[in-house]
Amino acid sequence: MPSHLSAENRAVSVEEVSPCYRLLRGRSRGLRGREFVVHLIGTAHVSEESCREVTACIEKEKPLAVMVELCGQRRMLLH
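Cut-offs used in this document
Residues numbered from 1 in each chain as written. Predicted model: local features only at pLDDT ≥ 70, side-chain atom pairs only at ≥ 80, totals over all residues. Heavy atoms only, no water. Salt bridge = Lys/Arg side-chain N within 4 Å of Asp/Glu carboxyl O. Pairing = 2+ DSSP bridges. Helix = DSSP H or I, 4+ residues; strand = E, 2+ residues; numbered from the N terminus. Axes fitted to C-alpha atoms, helices over the stretch in contact; angles between N-to-C directions. Contact = heavy atoms within 4.5 Å. Buried < 20%, exposed > 50% of the residue type's maximum accessible area, 1.4 Å probe, protein only. Polar contact = N/O pair within 3.5 Å; in protein donor to acceptor, adjacent residues only side chain to side chain. Patch = residues over 30% accessible without salt bridge, like charges linked within 9 Å, V, L, I, M, F, W, Y side chains within 5 Å. Areas by Shrake-Rupley, 256 points an atom, 1.4 Å probe, with all protein chains shown as cover. pLDDT = per-residue confidence, 0-100.

Another point: the pattern of salt bridges. All chains considered together, the criterion is met by 4 salt bridges. Between Arg22 and Glu16 there is a salt bridge, and its shortest N-O distance comes to 3.6 Å.

Structure, rendered in C-alpha cells:
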C-alpha cells in the first residue's frame, strides 16, 4: 500500500449532510499536507431527488472533477 494511504497518514472527518450525502475532509502528508474534501453522494438511478442533490452539489462546489460509478449496462448508455 502506498505510504500516503496508510492509517497513520490519514485522518478523515465525516459529516452527514443528508441521509445519502457525506462530506469527507482530511489532510494528507503524502500530498504535502494539503487538505482534501470529498463529496460522496449515494444515488438512485431513477430518482429525481438524487439528480437534484447531485446537481446542487456540483453547481455550488464547482469541483475540478466528478467521478461516477456506473454498472455495465448504464456505462454503455454513455457511448
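Right, picking up where we left off after that structure.
Pairing is antiparallel in the open sheet, where 3 strands are placed in the order E1-E2-E3. The open sheet has two free edges, formed respectively by strand E1 (12–18) and strand E3 (35–41), since each of these has just one partner strand. Put simply, the sheet's adjacent strands are angled 20 degrees from each other on average, direction ignored. Across 6 bridges, the pairing between E1 and strand E2 (residues 21–27) is antiparallel. Bridging across to E2, Val14 finds its partner in Leu24. Docked against the sheet, helix H1 (residues 48–61) engages E1, E2 and E3, running at close to 160 degrees with respect to E3.

On to the side chain of Ser50. As for its placement among the helices and strands, Ser50 is situated in helix H1. Of the residues examined, Ser50 reaches a relative accessible area of 11% and is grouped as buried. In this structure the side chain of Ser50 is engaged in a polar contact, spanning 3.0 Å, whose partner is the backbone nitrogen of Ala44.

Right, let's talk about a nonpolar patch on the surface for a bit. A cluster of nonpolar residues, Ile58, Val66 and Val68, forms a patch on the protein surface that exposes about 260 Å² of accessible area. Along the chain, Ile58 turns up in helix H1.

With that out of the way, let us pick up the confidence of the model for the protein chain. With 85% of its residues at a pLDDT of at least 70, the protein chain reaches an overall mean of 80. For the protein chain, helix H2 (residues 72–77) is the element with the lowest average pLDDT, namely 76, and H1 is the one with the highest, namely 90.

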